[in-house]
Amino acid sequence: MGDEGEKGVAPLPELELTSLVTAARSPEPRDVLRPEREKILDRARRPHTVVELAAHLELPMSVTRLLASRMVAEGALVLCVPSNEPSEDDLLQAVLTGLRSL
């Protein structure tokens, strides 16, 4: 089957907790039935890291990372690639901000 998963579905992108994502679309009526996805789309109107989303949604980071990965694969979220590599201080500050939000 190659690099594809079950039923010909492409593998999910590997997101780090510090991966920056933004919404590619607004929440739609179908998202009401999946409130976590609706909240992620609403919160990600501006770029957020996965750890920030987990803190705001009060969900485990592993669950949020999986949801965000699926949403990137579907095109509902876009993975933002920074123009330059963040410094160690920037990464630590992002983690501290996420932890304080918990």
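Calculation rules
Residues numbered from 1 in each chain as written. Predicted model: local features only at pLDDT ≥ 70, side-chain atom pairs only at ≥ 80, totals over all residues. Heavy atoms only, no water. Helix = DSSP H or I, 4+ residues; strand = E, 2+ residues; numbered from the N terminus. Buried < 20%, exposed > 50% of the residue type's maximum accessible area, 1.4 Å probe, protein only. Contact = heavy atoms within 4.5 Å. pLDDT = per-residue confidence, 0-100. Pairing = 2+ DSSP bridges. Core = buried A, V, L, I, M, F, W, Y, C linked by side-chain atoms within 4.5 Å.

1. Describing the overall build of the protein
When helices and strands are counted, the protein shows 4 helices and 3 strands. The N-to-C order of helical and strand elements in the protein reads β-α-β-α-α-β-α. Looking at the 102 residues of the protein, the share that counts as buried comes to 28%. In the protein, the share of contacts with a sequence separation of at least 24, taken over all contacts with a separation of at least 6, comes to 64%.

2. Here we look at the side chain of T64
Here T64 shows up in helix α3 (residues 61-74). Taking relative accessible area as the criterion, T64 reaches 0% and is therefore assigned buried. Ignoring any residue separated from it by four or fewer positions in sequence, one finds T64 in contact with V50, L53, A54 and L59.

3. Digging into the confidence of the model for the protein
In this model, the protein carries a mean pLDDT of 84, and residues with pLDDT of at least 70 account for 85%. Between residues 1-5, whose pLDDT stays under 50, and residues either more than four places distant or in other chains, the model counts 3 contacts.

4. Comments concerning the pairing of strand β1 (residues 20-23)
With 2 bridges joining them, β1 and strand β2 (residues 48-49) adopt antiparallel strand pairing. Within β2, the residue paired with V21 across the bridge is H48. Of the pairings in the sheet, the one linking β1 to strand β3 (residues 77-80) comprises 4 bridges and is antiparallel in character. Across the sheet, V21 pairs through a bridge with L79, a residue of β3.

5. Remarks on helix α2 (residues 50-57)
Residues that lie three or four places apart on an α-helix share one face, since the helix turns once every 3.6 residues. For α2, the tally of buried residues reaches 7 of 8 residues, placing the bulk of the element in the interior. When we look at burial in α2, the residues that qualify are V50, V51, E52, L53, A54, A55 and L57. Check the buried side of α2 and you find it contacts β1, α1 (35-43), β2, α3 and α4 (88-101). In the segment just after α2, E58 is the residue with positive phi, at about 60°.

6. So, the nonpolar core
In terms of nonpolar packing, the biggest core is built from 14 residues, with L15, V21, I40, L41, M71, V72 and L77 touching the most fellow members. Per element, the largest residue contribution to this core is 4 residues, and it comes from α3. Dropping the residues within four chain positions of it, M71 is found in contact with R37, I40, L41, A76 and L77.

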